[in-house]
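Analysis of the macromolecular model
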Amino acid sequence: MKTIKINKKVVIFVSIMLSAVILVGFAAQGTKGNGVSGNVSTLILQKGDLTYSVSTTGTIYSQNVTKVYSNLNYQVKEIYVDVGDVVKAGDTLARLDVASLEKDIAQKRAALNNTQASTQLALEIAQNDLDIYLENLEENLNAELYNAGISVETARLDLQAAQSDVKNARRNLSDAEDSGADDDELDQLKEISVQKEIVLDKAQANLDKATKAYEIAQANKNTTVSSYENKVRSAEISANLQDQLIALQKLESDLASSTIKAPVSGTISDVQAVAGASGNGLLFVIQDTDNLKVITNIPEYDVATVQVGNRVTIKTDATGDKVFEGVLSRISPTSTESIAGKTNTSTDAEFESEITVASSASGLRIGMNARLNTIIEEKSNIYSVPYETLGTTPEGENYIYVAIPNGTDHIVQKLSVTIGLESNLFAEILSDSLTDGMIVIKNPQNVKQGDKITLQK
């Protein structure tokens, strides 16, 4: 059985919600002869809700804070927003004075266009020269190579004819020798064979010479093709103005960036831009007022009780009794740092935590101070009483005293109870004997079992 001390010291601060508990006080006076002196306070027992929560305070922030910077050194020309203005993504916040930049862009664009025109023309001419030369080669219009080819073919035919003549001369001489021709005829045939051999040697020499000339013509052709191709490549390199194009694009990007626009939707919370001053650096801060969070510090003695995912109720002075819903979304694994920047390990260490505010947070504003109740446990439709109504026997049994009607009076009766959920001021009581409307005596130390009391009207 769970016991509780009446004078329990509560170390943690919690919020109590008793939306349906009706505590009606009565004054009861003891009758003569029963040893009861003075008035006895009572309350009427009714079922209601009980909540155990950890109470802290915090400050409301935006979940999404966007800082708008510029890396351009031009002066701020115009500013279009003030602190508190609501903007949408893409809205213009300010403009820089970029008159000199616009002139530089115009000059570079004109120079680039002129260069592109001239280099493109040179490329077209070089490519055309190469195409014409290759076309002439295909149509045999290269005189050197064509004539060299003809010479080789003619020399080859001459060689073939000389080879045939030598072969015939040798055959005639052999036939004459076989037939027993006289010496004069043989000498004449030998002379003819020698002459044919001389002609053959000359024909071979002519073919070798023609072949060499053809190879030279072929090499000259390859050299000429390479020369034309090199001219095309050179023209292509000259026509590649990538570096100049990149430089122009950088200037154009700077021009576009000189119009400072909101990258996200939200509320302007800070304006650092100053007209006439340099636009380099932080210019604006935009906070998302539709998605809020609360930063709080949970004391060390509570940090083991709460956990991520706990429901949190939020109130502010500005919104009165209106209750906003949130969820504990983060608990720092280390305690907050001291002024010196070291982790705080003192007895009053605190752990920074974050509560995500529900979307329906109309009325909350960034920077407001908030009162927070992190719900640890809650029950509905239960009986609960203040701690002052509880008594404890030496054996550790918890009880309450109730007033039982007895004619026109009431009799004090002791009722054993079990303690359930506890808050800072109230405790759930459990017993099969509890009923709605039961009269509970607030201070059990002032009465005892069987006392007769009269309730004042």
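Keep in mind that this is a model prediction, so the values were computed, not measured.

With respect to helix H2 (residues 143-179)
Compared with the 54 Å implied by 1.5 Å per residue over 37 residues, the 54 Å span of H2 between its first and last C-alpha is a close match. Taken residue by residue, H2 has Leu-145, Ala-148, Val-152, Ala-155, Leu-159, Ala-162, Val-166, Ala-169, Leu-173 and Ala-176 as its buried positions.

Examining the nonpolar core
Among the nonpolar cores identified, the biggest contains 19 residues, and Ile-60, Val-294, Ile-314, Ile-355, Val-357, Leu-364 and Leu-372 are the most heavily contacted of them. Setting aside chain neighbours within four positions, we find Ile-314 in contact with Val-294, Lys-322, Val-323, Phe-324, Glu-325, Gly-326, Ile-355, Val-357, Ala-370, Arg-371 and Leu-372. Val-385, Ile-419, Ile-429 and Val-440 belong to the second-largest nonpolar core, a separate cluster that totals 16 residues.

Overview of the confidence of the model for the protein chain
With 88% of its residues at a pLDDT of 70 or more, the protein chain has an overall mean of 85. Per-residue pLDDT stays below 50 along residues 1-38; that stretch engages in 111 contacts with residues further than four places along the chain or on separate chains.

Notes on the packing of aromatic side chains
Applying the stated rule across the entire model yields two aromatic pairs. With 5.4 Å between their ring centres and 40° between their planes, Tyr-133 and Tyr-228 make a pair best called tilted. Placement of Tyr-133 in helix H1 (residues 99-138) and of Tyr-228 in helix H3 (residues 183-239) is noted, with a sequence separation of 95 residues between them. Between the NZ or CZ atom of Lys-414 and the centre of the ring of Tyr-399, over which it lies, the distance is 4.4 Å.

Structural notes on the sheet that holds strand E7 (residues 92-96)
Strand pairing in a sheet takes place through backbone hydrogen bonds and is either antiparallel or parallel in direction. Read from one edge of the open sheet, three strands run E5-E7-E8, paired in antiparallel fashion. Each edge of the open sheet is held by one strand with a lone partner, namely strand E5 (76-79) and strand E8 (259-261). For this sheet the average axis-to-axis angle between neighbouring strands, irrespective of direction, equals 20°. Summarising the sheet, E5 and E7 pair through three bridges and their orientation is antiparallel. Following the sheet pairing, Val-76 is matched in E7 by Leu-96.

Quick look at the pairing of strand E10 (residues 281-287)
Of all the seven residues making up E10, six are buried; the element is thus mostly covered by neighbouring parts of the structure. Looking at chain direction, strand E4 (residues 65-70) and E10 are connected through six bridges and run antiparallel. Counterpart to Val-68 in the pairing with E10 is Phe-284. By the bridge criterion, four bridges tie strand E9 (residues 266-271) to E10 in an arrangement that is antiparallel. Pairing of Thr-267 across the sheet is with Gln-287, part of E10.

Observations regarding the pattern of salt bridges
Opposite charge on two side chains makes pairing possible when the charged atoms of those side chains draw close. In total, this model carries 13 salt bridges according to the counting rule given. With a shortest N-O distance of 2.6 Å, Asp-317 and Arg-371 are connected by a salt bridge. Taken as a pair, Asp-317 in the loop between strand E12 (311-316) and strand E13 (324-331) and Arg-371 in strand E15 (residues 369-386) lie far apart in primary sequence, 54 residues in all. With relative accessibility at 68%, the residue Asp-317 sits in the exposed group. A network of salt bridges, in which partner residues are shared, links Lys-293, Arg-330, Glu-352 and Glu-354.

Rules and cut-offs
- Residues numbered from 1 in each chain as written.
- Predicted model: local features only at pLDDT ≥ 70, side-chain atom pairs only at ≥ 80, totals over all residues.
- Heavy atoms only, no water.
- Helix = DSSP H or I, 4+ residues; strand = E, 2+ residues; numbered from the N terminus.
- Expected span 1.5 Å × (residues − 1).
- Buried < 20%, exposed > 50% of the residue type's maximum accessible area, 1.4 Å probe, protein only.
- Core = buried A, V, L, I, M, F, W, Y, C linked by side-chain atoms within 4.5 Å.
- Contact = heavy atoms within 4.5 Å.
- pLDDT = per-residue confidence, 0-100.
- Phe/Tyr/Trp six-rings, centres within 6.5 Å; stacked < 30°, edge-to-face > 60°.
- Lys NZ or Arg CZ within 6 Å of the ring centre and 35° of its normal.
- Pairing = 2+ DSSP bridges.
- Axes fitted to C-alpha atoms, helices over the stretch in contact; angles between N-to-C directions.
- Salt bridge = Lys/Arg side-chain N within 4 Å of Asp/Glu carboxyl O.

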